[in-house]
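# Descriptive structure summary
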Number of protein chains: 2
Amino acid sequence: MAASSSFCSQRTLPLRTPSHSHSKLSSRHSLVRLPASGSYSYPSPYLYSESNNYCSGTRAAKIGLKASATPAAPVMDQTSSSSPAVSTVVEVDLGDRSYPIYIGSGLLDQPQLLQRHVHGKQVLVVTNTTIAPLYLDKTIWALTDRNPNVKVESVILPDGEQYKNMETLMKVFDKAIESRMDRRCTFVALGGGVIGDMCGYAAASYLRGVNFIQIPTTVMAQVDSSVGGKTGINHRLGKNLIGAFYQPQCVLVDIDTLNTLPDRELASGLAEVIKYGLIRDAEFFEWQEKNMQALMARDSRAFTYAIKCSCENKAQVVSLDELESGLRATLNLGHTFGHAIETGFGYGQWLHGEAVAAGMVMAVDMSRRLGWIDDSLVKRVLNILQQAKLPTAPPESMTVDMFKSVMAVDKKVADGLLRLILLKGPLGSCVFTGEYDRQALDDTLRAFCKS
Amino acid sequence: MAASSSFCSQRTLPLRTPSHSHSKLSSRHSLVRLPASGSYSYPSPYLYSESNNYCSGTRAAKIGLKASATPAAPVMDQTSSSSPAVSTVVEVDLGDRSYPIYIGSGLLDQPQLLQRHVHGKQVLVVTNTTIAPLYLDKTIWALTDRNPNVKVESVILPDGEQYKNMETLMKVFDKAIESRMDRRCTFVALGGGVIGDMCGYAAASYLRGVNFIQIPTTVMAQVDSSVGGKTGINHRLGKNLIGAFYQPQCVLVDIDTLNTLPDRELASGLAEVIKYGLIRDAEFFEWQEKNMQALMARDSRAFTYAIKCSCENKAQVVSLDELESGLRATLNLGHTFGHAIETGFGYGQWLHGEAVAAGMVMAVDMSRRLGWIDDSLVKRVLNILQQAKLPTAPPESMTVDMFKSVMAVDKKVADGLLRLILLKGPLGSCVFTGEYDRQALDDTLRAFCKS
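Rules used throughout
Residues numbered from 1 in each chain as written. Chains lettered and ligands numbered in written order. Predicted model: local features only at pLDDT ≥ 70, side-chain atom pairs only at ≥ 80, totals over all residues. Heavy atoms only, no water. UniProt positions renumbered as here; feature names shortened; annotations may be inferred. Helix = DSSP H or I, 4+ residues; strand = E, 2+ residues; numbered from the N terminus. Buried < 20%, exposed > 50% of the residue type's maximum accessible area, 1.4 Å probe, protein only. Contact = heavy atoms within 4.5 Å. Areas by Shrake-Rupley, 256 points an atom, 1.4 Å probe, with all protein chains shown as cover. Buried area = accessible area lost by both parts, 1.4 Å probe. Salt bridge = Lys/Arg side-chain N within 4 Å of Asp/Glu carboxyl O. 1 Å grid on protein atoms, 1.4 Å probe; cavity = no way out; pocket = protein on both sides within 12 Å on 5 of 7 lines; lining within 4 Å. Points joined across faces, edges and corners; volume = space filled by probe spheres on them. pLDDT = per-residue confidence, 0-100. Pairing = 2+ DSSP bridges.

Under an unreviewed UniProt entry, chain A has the name 3-dehydroquinate synthase, chloroplastic and belongs to Dorcoceras hygrometricum. Under the heading Pathway (unreviewed entry), UniProt records this for chain A: "Metabolic intermediate biosynthesis; chorismate biosynthesis; chorismate from D-erythrose 4-phosphate and phosphoenolpyruvate: step 2/7." The record held by UniProt for chain A lists under Sequence similarities (unreviewed entry) the comment "Belongs to the sugar phosphate cyclases superfamily. Dehydroquinate synthase family."

### Some details on the overall build of chain A
Secondary structure summary: chain A contains 15 helices and 16 strands in total. Looking at chain A as a whole, 62% of its 451 residues are labelled buried. Contacts in chain A between residues at least 24 apart in sequence constitute 75% of all its contacts with a sequence separation of at least 6. Within the structure as shown, chain A displays about 16700 Å² of accessible surface, and the carbon and sulfur contribution to it stands at 50%.

### So, the interface of chain A and chain B
Taken together, the contact pairs 30 residues of chain A with 30 residues of chain B. For the pair chain A and chain B, the summed buried area comes to about 2700 Å², and 56% of that belongs to carbon and sulfur atoms. On the chain A side of the interface with chain B, the three residues burying the most area are Ile-177, Arg-183 and Arg-208 of chain A, jointly 26% of the side's total. Counting the contacts that link chain A with chain B gives six salt bridges. Residue Glu-178 of chain A pairs with Arg-236 of chain B through a salt bridge whose shortest N-O separation is 3.7 Å.

### Observations regarding the pattern of salt bridges
For the coordinates displayed, the defined rule picks out 48 salt bridges over all chains. Taking the shortest distance from any N to any O, the salt bridge between Arg-236 of chain A and Asp-174 of chain B comes out at 3.8 Å. Highlighted residues: Arg-236 of chain A in the loop between strand 10 (230-235) and strand 11 (238-245) and Asp-174 of chain B in helix 5 (residues 166-178), drawn from two different chains. Each of Asp-96, Arg-97 and Glu-322 of chain A takes part in one network of salt bridges that share partners.

### A short note on the layout of surface pockets
Residues and elements named next belong to chain A. Put simply, the second largest pocket is a space of about 210 Å³. If you go around the second largest pocket, the residues you meet are Lys-404, Met-407, Ala-408, Val-413, Gly-416, Leu-417, Leu-418, Tyr-436, Arg-438, Leu-441, Asp-442 and Leu-445. Counting only elements with at least two residues in the lining of the second largest pocket, the list comes to helix 14 (400-407), strand 14 (417-418) and helix 15 (438-448). Per-element tally for the lining of the second largest pocket: the top contributor is helix 15, with four residues.

### Notes on the confidence of the model for chain A
Averaged over all residues, the pLDDT of chain A equals 83, while 80% of them reach at least 70. In this model, residues 1-71 of chain A is a region of pLDDT below 50 whose contacts with residues beyond four sequence positions or in other chains number 170 contacts.

### Considering the pairing of strand 10 (residues 230-235) of chain B
Residue and element names in this part refer to chain B. Within strand 10, five of the six residues are buried, which leaves it mostly tucked inside the rest of the structure. One ladder, built from five bridges, connects strand 10 with strand 11 (residues 238-245); its direction is antiparallel. From the neighbouring strand, Thr-231 faces strand 11, where its bridge partner is Ala-244. The loop that links strand 10 with its antiparallel partner strand 11 comprises two residues.

This is the structure we're talking about:
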């Protein structure tokens, strides 16, 4: 097993050894596209390849990741749900702000993994009322086991996007200051995206910046929001308007935490997983087409692999464009339509990933109208979203005007022109561009809205 | 004039040409000290030199600054208060976050200087109720003159340290969001240290970071708080506990704004000017000894030079230690004692610089008791502070216990040990250390307190 040997020589981690054999996956041929003027485009990361068998070491090298300990892509057998835990590491390469993402089952049972990233003697765990009863004690144990010198405090915030505001954030500062946390302390975010965003922004701001660790407990946070350093809070007039780019010391993804995640939340996170395949990773998309049932059944090996590939894709984009000068915007496939749904339909009605799923269908529809993709790809997108039990159209109450009014104030409007992420070319290729026929946008909106 | 030629070849600025001749200043010999274990120490930046004449180009090279357009040190003639404006530039060298500090008279009368650092089409000027009637119109004119495409909004905050909090900060976000400022907008801080700190933190956080320009209008802000990227707000339990390290696009110091500064505020800022001489710049201290009367008379050439030297010193320290890992702490000479005075005596009773002045006297007294400096230096410190009409002892109501209780929770306490900035060696040399005889600290506190 060349891949595992290579893994061991690169990193000496107290993780269980990956135990699986090479998989068989079909590798779709895809060609490098030349970037269009004024827009960003991705070729599939898998350049022309004759091989149908691959191992992860090769794959990591292909997509240009630095030191990545990656298990081979497993072909899921529905009888293997009791398979041994799989652990893997994805490095986010940001110079002196680089950090590892640990992914696997039972990682919170390995105190030394977490403790190596706690530098000072004071830790503040930030979590919420839903997660605290489930994982706070375990996290505190992992921080303190055989480590009597560390002092752990915790602050338990109310659960929900509506609490992602300055008032709640101040509770984190209050607790840190009352506990006399100094500059060498570490903040730990234990929860979903809201907790990660708030804890990260608090860590960025407390004493002008302290250490920060992410322990995401939802698929959405594990594959998206915990990676890349975007932190912040909402303002009453808009989402995520106040915040910081601030990178953690590490991200620890214990996929066992998904055991307590509601089905709808699980599916919502899968919308972002599917997105990575569509915008830049054809091979990963094809793997998902074959393994969506295993993911829906919460198979731990399937999830470890899906989260790894998602994090690799996000890490590479973030490494190339940390501050979102342009390239990083491609991660927002379906998000402009989706944001209009969230705003128009009312926050909390649909989960973020549900809105993104419907938004991706609309972006794909528009790409097809522009003649940029084949009909067959539209069908594949609809099929995989249906397998993941995600919506494939906006709520019936959404109107063309509701879409247009929200899209007019999107952050991606530049000089009055709405730039969109659209698929173009073979599977795994997209563009971020304002250069498209307006008629196609109108036609898409009318096709998905009754009025 | 070699120095001026060198200046012109380095920078092509629409600034008036410096017009003064080489000055005569005595150059005190000082020797390089070896750093003590576990502490930081500075030699004087002027290493052994036989020359009594120097020009600024040489001086800049000596203290290791990058591209510095510096006028020669002027010997102030009390009849020269109507001398032509002097303009100069200090570069803060922070890699891709480097920026210039422009210093001179009439800089707000040169719109192109400010406009070159405004990248987008939207500007938000953040100022307060005291400064707005004096300089807001002029600043808006400087931003918009022959520049019709730029849209300027302003937010006028209440004046005072007691408003440096989250509630006031939200007013800045509200205005920015209501004005639909996008990521390419620029925030301009027009005012003293409180405005600079709040506007800077708002700029760091708005949409996760937008452009930011400092126009400091107090000596304190011009020589200290506007340089180095420390931004933030107070928490009810402590000063500057929430914030960010965030560097501006440029700092524009129009010394004409000092014309409206109250005498006490002016003197307060001079405490920090004197500090730079004591901790790392013997030659600058000696210049101050000769020119304090010109500074007190608000001579524009003297002030330009004093601000330039102060900014050069601060810029160099910040370049070496942007995130205050240790070296930067030396800028806090007198601040630990001073902070105790501010806290114990009640904020707002004494200005920050007044408390720092008394604190420096106490740090100097302690350094003498440790045998680290000569008696003569103590006298020189007392003499220059008296010339600047600054306090040379804490308020009579301060007790030993008041000092000790505040100093026990100082940010510079590490493992229970209070580290202090103390003078050691010849003029211009200091150490940041926890390795000192506790008796000396007790003796100093008793000498300055009645109980």
